Amino acid sequence: MSTTQDRKHLRVLLIDDDPAEHILLKRKLKKASETSIELDYVGDIGGAVDIVKAGGVDMVFLDNRLVPNNDFRETAPQLREAGFIGPIGIISSDISGKYFEEFRDYGVDFKIGKDEIDATVISFIVAEYTRDQLSDTCSEDYL
């Protein structure tokens, strides 16, 4: 078994009604060197549902507020109902609202302020939510 891990390839879907956020996140993702990240972008939850139903998305970054919906409490469940089982992260300019405390109740795995996103944070998120949950060795290997 190799002790070095192959470079991962990850398909991330950004759902945000501001196209500028796509450009900014794309620049930040280029600096996350451990993983090759393909960033797809869609500006509304309906389009996002279609994309996740088609498959191939590994992780979703979901803007908190997408018109005409109020916030992630309405949009994140739509992604889960569409069959998406990967990690969903809420990104927002302000994550201080009390309702953010209940993010897991709506099928969300993590939340992060847009101003906190940089290459280090992205690398951590990718490592945390895509790592193999199984050990490279198990007790049966030593029998």
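Look above for the structure.
The shown structure was predicted, so the numbers you read here are calculated from the model rather than taken from an experiment.

J.: Lay out the packing of helix H2 (residues 45-54) against helix H3 (residues 72-81) in plain terms, naming residues and giving numbers.
T.: The contact between H2 and H3 brings their axes to 9 Å, and the two run at 20 degrees. The angle between the axes of H2 and H3 places the two elements in the roughly parallel class. For the pair H2 and H3, the crossing hand works out as right-handed. Note on element contacts: H3 touches H2 through Thr75, Gln78 and Leu79, opposite Ile45, Ala48, Val49 and Val52.

J.: Now, about the nonpolar core: what can you tell me, with residues and values included?
T.: Residues Leu13, Ile15, Val60, Leu62 and Leu79 are the most contacted members of the largest nonpolar core, which totals 22 residues. Elements supplying a minimum of two residues to this core: strand S1 (8-15), H2, strand S3 (59-63), H3 and strand S4 (88-92). Per element, the largest residue contribution to this core is 4 residues, and it comes from H2. If sequence neighbours within four positions are ignored, Ile15 has contacts with Val42, Asp44, Ile45, Ala48, Val60, Phe61, Leu62, Asp63, Leu66 and Leu79. Counting 16 residues, the second-largest nonpolar core is a separate cluster that includes Ile37, Phe110, Ile112 and Ile117.

J.: Describe the environment of Ile88, and please don't skip the residues or the numbers.
T.: Among the secondary structure elements, Ile88 is positioned in strand S4. In this structure Ile88 comes out as buried when scored by relative accessible area, which is 0%. Along the sequence, Ile88 and Val12 sit 76 residues apart, while their C-alpha atoms lie 9.9 Å from each other. Not counting chain neighbours up to four residues away, the residues in contact with Ile88 comprise Val60, Leu62, Ala76, Leu79, Arg80, Gly107, Val108, Asp109 and Phe110.

J.: Summarise the packing of aromatic side chains; cite the residues concerned and give the values.
T.: As enumerated under the stated definition, the model contains 5 aromatic pairs in all. Taking the centre distance of 6.0 Å and the plane angle of 90 degrees together, the rings of Phe61 and Phe110 count as edge-to-face. Taken together, the residues Phe61 in strand S3 and Phe110 in strand S5 (residues 110-113) connect sequence positions 49 residues apart. The pair Phe61 / Phe110 is uniform in exposure class, with both members buried.

J.: Account for the pattern of salt bridges, with residues named and values stated.
T.: One pass over the full model with this rule turns up 7 salt bridges. In this structure, Asp71 engages Arg73 in a salt bridge whose closest nitrogen and oxygen atoms are separated by 2.7 Å.

J.: So what's going on with helix H4 (residues 119-130)? Which residues, and what values?
T.: The end-to-end C-alpha distance of H4 is 16 Å, a good match for the 16 Å that 12 residues give at a rise of 1.5 Å each. Looking at H4, one finds that the buried residues are Ala119, Ile122, Ser123, Ile125 and Val126. Viewed end-on, H4 has its buried residues packed into an arc of 165 degrees, placing them on one side of the element. Exposed residues on H4 whose side chains face more than 90 degrees from its buried face are Thr120 and Phe124. The N-capping residue of H4, defined by a side-chain oxygen 3.1 Å from the backbone nitrogen of Thr120, is Asp118.

Reading guide: rules and limits
Residues numbered from 1 in each chain as written. Predicted model: local features only at pLDDT ≥ 70, side-chain atom pairs only at ≥ 80, totals over all residues. Heavy atoms only, no water. Axes fitted to C-alpha atoms, helices over the stretch in contact; angles between N-to-C directions. Helix = DSSP H or I, 4+ residues; strand = E, 2+ residues; numbered from the N terminus. Parallel < 35°, antiparallel > 145°, perpendicular 65-115°, else oblique. Left-handed = near helix turned anticlockwise from the far one by under 90°. Contact = heavy atoms within 4.5 Å. Core = buried A, V, L, I, M, F, W, Y, C linked by side-chain atoms within 4.5 Å. Buried < 20%, exposed > 50% of the residue type's maximum accessible area, 1.4 Å probe, protein only. Phe/Tyr/Trp six-rings, centres within 6.5 Å; stacked < 30°, edge-to-face > 60°. Salt bridge = Lys/Arg side-chain N within 4 Å of Asp/Glu carboxyl O. Expected span 1.5 Å × (residues − 1). Arc of directions from axis to C-beta. Polar contact = N/O pair within 3.5 Å; in protein donor to acceptor, adjacent residues only side chain to side chain.

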